[in-house]
Amino acid sequence: MINIDEYTRKIKYYYNLTKEKKIDSYMILAGFAGVLLGLVCGIDIINKIFAWFILFGVVIKLYDFSEEIERSIIPYDFNRLLPPPPSKD
């Protein structure tokens, strides 16, 4: 059987390791260098391979950004914003 808890634990571990070592930044830099190399040499397959490095690096950065935004959202109490209802006396 597939143990989903084990896989999610491993994914969280590798994600935290990626953020700790700043691998996403290195992936983006390596991707740009590879794409530039592919453009200079005129080899299309190098561009296609290293474009994936850029894509994965940007996805990791966007996920981290969305998590940071989600953590910093302040919950509002809308009952305090609205005036009290009129009394029926």
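Procedures and definitions
- Along each chain, residue indices are assigned from 1 in the same order as the chain's sequence is written.
- A pLDDT threshold of at least 70 governs which residues receive local features in this predicted model, and a stricter bar of 80 or more applies before side-chain atom pairs are shown or counted, although totals over entire chains, interfaces and linings include all residues.
- The basis for every side-chain value is the complete set of heavy atoms in the structure, and neither hydrogens nor water enter the calculation.
- For this document, the term salt bridge refers to a Lys or Arg side-chain nitrogen within 4 Å of an Asp or Glu carboxyl oxygen.
- Working definition: helices are DSSP H or I runs of at least four residues, strands are E runs of at least two. Numbering for both runs from the N terminus.
- The classification of residues rests on relative accessible area computed with a 1.4 Å probe and restricted to protein chains. Under 20% of the type maximum is buried, over 50% is exposed, and intermediate values are partly exposed.
- Ring geometry is summarised as follows: Phe, Tyr and Trp rings, the Trp one being its six-membered ring, pair when their centres sit within 6.5 Å, and such pairs are stacked at plane angles under 30 degrees, edge-to-face over 60 and tilted between the two.
- Expected span of a helix: the number of residues minus one, times 1.5 Å.
- Here, the arc refers to the directions that run from the helix axis to the C-beta atoms.
- In this analysis, two residues are considered to be in contact whenever any of their non-hydrogen atoms come within 4.5 Å of each other.

(A) How the structure looks around the pattern of salt bridges. Taken as a whole and assessed by the stated rule, the structure comprises four salt bridges. Glu6 serves as the salt-bridge partner of Lys10, at 3.5 Å between the closest nitrogen and oxygen. Highlighted residues: Lys10 and Glu6, both in helix α1 (residues 4–21), separated by four residues, approximately one helical turn. Relative accessible area serves as the criterion here: at 36%, Lys10 is assigned to the partly exposed category. When its relative accessible area of 32% is taken as the criterion, Glu6 is described as partly exposed. Between Asp24 and Lys61 there is a salt bridge, with the nearest N and O atoms lying 3.7 Å from each other. You can see Asp24 sitting in helix α2 (residues 23–41) and its partner Lys61 sitting in helix α3 (residues 44–72), a full 37 residues away along the chain.

(B) Just the packing of aromatic side chains, in detail. What the rule picks out here adds up to four aromatic pairs. Ring plane angle 85 degrees and centroid distance 5.4 Å describe the contact between Tyr15 and Tyr63, whose orientation is recorded as edge-to-face. Placement of the pair is Tyr15 in helix α1 and Tyr63 in helix α3, with a sequence separation of 48 residues. What makes Tyr15 partly exposed here is its relative accessible area of 23%. The class for Tyr63 is partly exposed, based on a relative accessible area of 43%. Taking the centre distance of 5.3 Å and the plane angle of 25 degrees together, the rings of Phe50 and Phe53 count as stacked. Separated by three residues within a single helix, Phe50 and Phe53 lie in helix α3, roughly one turn from each other. Among the residues examined, Phe53 registers a relative accessible area of 32% and is labelled partly exposed.

(C) Region of the structure containing α2. Spanning 19 residues, α2 covers 26 Å between terminal C-alpha atoms, matching the ideal 27 Å at 1.5 Å per step. For α2, the complete set of buried residues consists of Asp24, Met27, Ile28, Gly31, Gly34 and Gly38. For α2, the arc enclosing every buried residue in end-on projection is 130 degrees, short of the 170-degree limit, so these residues lie on one face. Opposite its buried face, α2 presents the exposed residues Tyr26, Leu29, Leu36 and Val40, each directed more than 90 degrees away. Where α2 is buried, its residues contact α1 and α3. Backbone geometry just after α2 places Gly42 at a positive phi near 80 degrees.

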